[in-house]
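Structure at a glance
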Amino acid sequence: MNLDAAASGSAVDLSVRLGPLRLAHPLINASGTLDLFEVAETLGPAVLAKPPVAAYVPKTVTLNPRRGNEPPRIVETAAGMLNSIGLPNEGVESFVRTALPRLLALPCPVILNVGGFSPGEYVQAAQLLRAAVDGAAGASREWRERVGLELNVSCPNVHSGCISIGSDPGETAATVAGCGACGPAC
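Everything numeric here is computed off the predicted structure, so don't read it as measured data. Throughout this document, residue positions are counted from 1 along each chain, in the order its sequence is written. Predicted model: local features are reported for residues with pLDDT of at least 70 only, side-chain atom pairs are reported and counted for 80 or more only, and whole-chain, interface and lining totals are derived from all residues. Side-chain figures throughout are based on the complete set of non-hydrogen atoms in the structure, without hydrogens or water.

**Observations regarding the overall build of the protein chain**
What the protein chain contains, in helices and strands, is 8 helices and 7 strands. Accessible area is worked out with a 1.4 Å probe on protein chains only. A residue is then buried under 20% of its type maximum, exposed over 50%, and partly exposed in between. By the burial criterion, 38% of the 186 residues in the protein chain qualify as buried. Note on contacts: a residue pair qualifies if any of its non-hydrogen atoms lie within 4.5 Å across the two residues. Contacts spanning at least 24 positions in sequence make up 69% of the contacts within the protein chain whose residues lie at least 6 apart. A run of H or I in DSSP counts as a helix once it spans at least four residues, and a run of E counts as a strand once it spans at least two, with each numbered from the N terminus.

Encoded structure:
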C-alpha cells in the first residue's frame, strides 16, 4: 500500500485477482453464510445494486437435491456453537432454473460453490453449471468471465460412506482437474 496516498486521503487500490476473476477488494462471503436476496427483502433492493462483497458466493449446490441433516442442526456449547447442516439444496437442475438467473443479474462476480460425493459428481455438476452460464440469455463473454467455481471438498457434515474427498490428495487433485476442464473460471 502506498502510505503517501493513504495519508493524503486519496483512494487506495484494493483490487485483487482470484484466478480469472478481478475483484474490487478482497472481501467475499463464505458459502451459505449470506443470502443477499433475503437481506434485500429486509433492507431493500440497494443491497442487490451494490452488494457488500466483491464477489458473491451462494450456498453449496450438489448434482442431486439434498434435504440436509435431520434436526437438531445447530447446538450451543460452552465454547460457542456446533452446526451440522448437511448441505440442503435444490440440486443443479433446479438451481440453474431458479437461482442462476438472479445471480447473473448481480453487478458483482459470482463464485458458484459445488459439493458432491465423488469426483464424477463434482465434474458433472460443474459441467451443467458452465453450460447454463454459457447458454444464459444475455450472458455475454464478459459475464462468463465473472463467474467462478469453488469446490466444497471438505464439508465435515456430509457423510457418503467414505472419507471426504478433501482428505485424500489424489481424489482432490482428480476432482479439481476434472472441474478445471469445464471452463476458464472453473
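**Considerations on the sheet that holds strand S7 (residues 147–151)**
Paired strands are those between which DSSP finds at least two bridges. The 3 strands lie next to each other as S3-S6-S7, forming an open sheet whose pairing is parallel. On the outer flanks of this sheet lie strand S3 (61–62) and S7, each paired with one strand and no other. Judged from the 2 bridges that link them, S3 and strand S6 (residues 110–115) form a sheet pairing that is parallel. Residue pairing across strands places Val 61 opposite Val 114, the latter belonging to S6.

**Considerations on the packing of aromatic side chains**
Side-chain rings of Phe, Tyr and Trp (the six-membered ring for Trp) are treated as a pair once their centres are within 6.5 Å; stacked means planes under 30 degrees apart, edge-to-face means over 60, and tilted covers the remaining angles. All chains considered together, the criterion is met by 0 aromatic pairs. We count a charge as sitting over a ring when the NZ of a lysine or the CZ of an arginine lies within 6 Å of the ring centre and within 35 degrees of the ring normal. The ring of Phe 37 carries Arg 102 above its face, with NZ or CZ at 4.0 Å from the centroid.

**Topic: the nonpolar core**
Grouped together as the largest cluster of nonpolar side chains are 32 residues, with contacts concentrated most on Phe 95, Leu 103, Leu 106, Leu 112 and Leu 129. Going through the elements one at a time, helix H2 (36–43), helix H4 (92–98), helix H5 (100–104), S6, helix H6 (119–135) and S7 are the ones with two or more residues in this core. What we call a nonpolar core is a set of buried Ala, Val, Leu, Ile, Met, Phe, Trp, Tyr and Cys residues that are connected through their side-chain atoms within 4.5 Å.

**Side note on unusual backbone geometry**
Going from Pro 71 to Pro 72, the amide bond is cis rather than trans, its omega being 5 degrees. One non-glycine residue, Leu 87, lies in the positive phi region at around 60 degrees. Of note, Leu 87 is situated in the loop between strand S5 (80–83) and H4. With relative accessibility at 15%, the residue Leu 87 sits in the buried group.

**Quick notes on helix H8 (residues 169–180)**
One less than the number of residues in a helix, times 1.5 Å, gives the span that helix is expected to have. Here H8 is 12 residues long and its end C-alpha atoms lie 16 Å apart, about the 16 Å a rise of 1.5 Å per residue gives. Among all positions in H8, only Thr 175, Gly 178 and Cys 179 are buried. Projection of H8 onto a plane perpendicular to its axis shows the buried side chains occupying an angular sector of 95 degrees, all on one side. Residues of H8 that are exposed and angled more than 90 degrees away from the buried face: Pro 169 and Ala 177. On its buried side, H8 packs onto H6 and S7. N-cap assignment for H8: the residue whose side-chain oxygen lies 2.9 Å from the backbone N of Gly 170 is Asp 168. What the arc covers is the set of directions going from the helix axis to the C-beta atoms. Any N or O atom pair separated by 3.5 Å or less is treated as a polar contact, with the protein-specific requirement of one donor-capable and one acceptor-capable atom, and with residues adjacent in sequence counted only for side-chain atom pairs.

**Concerning H2**
Within the span of H2, buried status applies to Leu 36, Phe 37 and Ala 40. Axial view of H2: buried residues confined to an arc of 95 degrees, hence all on one face. For H2, exposure combined with an orientation more than 90 degrees from the buried face picks out Glu 38, Glu 41 and Thr 42. The elements touched by buried residues of H2 are helix H3 (46–49) and H5. Backbone nitrogen of Phe 37 and a side-chain oxygen of the N-cap are separated by 3.0 Å at the start of H2; the cap is Asp 35.

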